[in-house]
Every structure is written in C-alpha cells, then in structure tokens.
Amino acid sequence: VRGPVLEPALRSFTGYFAMPVQHGMTIGELATMFEAENRIGARLTVIPMQGYRRDLWFDETGLKWVNPSPNLRSLNELILYPGVALIEGTNVSVGRGTSTPFEIVGAPWIDGHALASALNGRDIGGVRFEPADLTPADDRYAREPCHGVRITLADRAALDAPRLGCELAAALRRLYPLRFDIAGMLGNLGSRESVAALAAGGDAPTIVASWAPALRGFEALRIKYLIYR
C-alpha cells in the first residue's frame, strides 16, 4: 500500500476513489469497498478465490499470464507500472508504441547518459538504469527518435514503485527545468501538494514520507473490506 491518497477534488474516470496508487486490494475487495462507501446500491456478490494468499506474486500462483492491458505484457512491466505511469501524463514517452512499454522512458530532448547517471546515483531500491534510444511506433512522439533510459527490475521485493515515479520526475525536473512538463503528473499522482513539491525541487524520499498520515487513514478503512489475510 503505497503512494499519495487521491485528493477527492481530483476524482476522474481513472481516479475513482480516494485511495493510493498502490492500494493492495483485489477486484472483489475494491468492489465491496466502493459499494459500501459510495452507497451505490448494487446487488453485489463477490465469490472468494481458492488458494489465494496476499504475499503471492502472479508468477507464483501457477496461473497463465493474460495481458491485463495491451501495453502491460509482462509481470515486470506490471510491477514497474505504478511508478513509471506517474509521469505518463507529462511530455515524456513511457514506451507505449515500443516492444517494452513502462520499461523505457524517453523524449527527443533527453540526454540518456545524463539521466541514467542521475537516477543510478539516487540509490532507488530494486531497479537500475542504462541509456537507451527509442522510436515509438505510435502514441507520444510517434516515429520520432527519442533518448532516455531503460529500467531494469533487479529486485521486485525492494522496489517502491511510487517512489520510482517521483525520482523519475525529480531527475527530469532537475535536468530539464524548462522542458519537462511536471504539471502533467497531477492526474496520475493525484496530489497537488506532491506535484508542487516536485516542481519546487523537492527530494523524492521526503515527498514519499509526507504520504504516511493519509496512508494510515486509508489502511484503517481498507482493513474492513479485506477478504484475504
């Protein structure tokens, strides 16, 4: 359970409920919470899964992988997604239109070596960065040569994905203060305070620490709707 809790005023089609980026709940648990807290009045039935444990990664379940979205084609991409997608609303490609979406980030105006060096110096748990070039076939910067970084997931248990997203934004803000559209993060991050802090040059770990009070409040609500322990 990580990330800022969505500000109610920023609710949207993709931000339906005041919860963090990583909510740590199953679809059935979310449905139960939405029904109760929003008083929807649906005739809801949730059928519990058999053999499910909260500590399981998908590749430990024995289930066949099915892409949950056209641009989430592997478990590694899914693990990186809650971090890398935080900058998707900005003027940076997150790899849509390439063979490895959410594993690569770039733009025509980025120096990949400089960005990789800046990020590797931040000691971000679970990931490492190397310079990379990309030319998306579609989506942002379609058919334009871009430069940036490839993100390698080295230790999935050590990754704090929302912190990764903040570190990406902070590095781009430091390196390209006149080019990087940091305001575009607001819709996915869901916190005006955090975007303002990043725009002012704030340190990512400090911003992450500021989320703790709201996360504790959400966890107190969440526990009422957990089907699995």
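A. A look at the nonpolar core. Counting 61 residues, the largest nonpolar core has M33, V84, I87, V127, F129, M185 and L198 as its most contacted members. A per-element tally of this core places helix α4 (residues 161–175) first, with eight residues.

B. Layout of the packing of helix α3 (residues 112–120) against α4. Running from amino to carboxyl end, α3 crosses α4 at an angle of 130°, the nearest separation of the two axes being 10 Å. The angle between the axes of α3 and α4 places the two elements in the oblique class. Along this stretch, α3 crosses α4, giving a crossing that reads as right-handed. Across the interface between the two elements, A114, L115, A118 and L119 from α3 touch E167, L168, A171, L172 and L175 from α4. Along the lines of polarity and charge, the residues of the contact of α3 with α4 split into eight nonpolar, no polar and one charged.

C. α4, seen in detail. When the terminal C-alpha atoms of α4 are compared, their 21 Å separation across 15 residues agrees well with the 21 Å that a helix rising 1.5 Å per residue should span. Most of α4 is tucked away: twelve of the 15 residues are buried. For α4, the set of buried residues is A161, P162, R163, L164, G165, C166, E167, L168, A169, A170, A171 and L172.

D. Spotlight on the sheet that holds strand β5 (residues 146–153). Taken in spatial order, the three strands make up an open sheet running β3-β5-β4, and their pairing is antiparallel. Two strands in the sheet have a free side with no partner beyond their single neighbour: β3 (104–107) and β4 (127–134). The sheet shows a mean angle of 25° between the axes of neighbouring strands, direction not considered. Sheet contacts for helix α2 (residues 75–84): β3, β4 and β5; angle to β5, the most-contacted strand, approximately 120°.

E. Representation of the environment of I207. Examined against the element boundaries, I207 turns out to sit in helix α7 (residues 204–209). Separated by 204 residues in sequence, I207 and G3 have C-alpha atoms that sit 9.8 Å apart. For I207, the residues in contact, after removing those within four places along its chain, are C166, S194, A197, L198 and G202.

Parameters at a glance
Residues numbered from 1 in each chain as written. Predicted model: local features only at pLDDT ≥ 70, side-chain atom pairs only at ≥ 80, totals over all residues. Heavy atoms only, no water. Core = buried A, V, L, I, M, F, W, Y, C linked by side-chain atoms within 4.5 Å. Buried < 20%, exposed > 50% of the residue type's maximum accessible area, 1.4 Å probe, protein only. Helix = DSSP H or I, 4+ residues; strand = E, 2+ residues; numbered from the N terminus. Axes fitted to C-alpha atoms, helices over the stretch in contact; angles between N-to-C directions. Parallel < 35°, antiparallel > 145°, perpendicular 65-115°, else oblique. Left-handed = near helix turned anticlockwise from the far one by under 90°. Contact = heavy atoms within 4.5 Å. Nonpolar A, V, L, I, M, F, W, Y, C, P; charged D, E, K, R; others polar. Expected span 1.5 Å × (residues − 1). Pairing = 2+ DSSP bridges.

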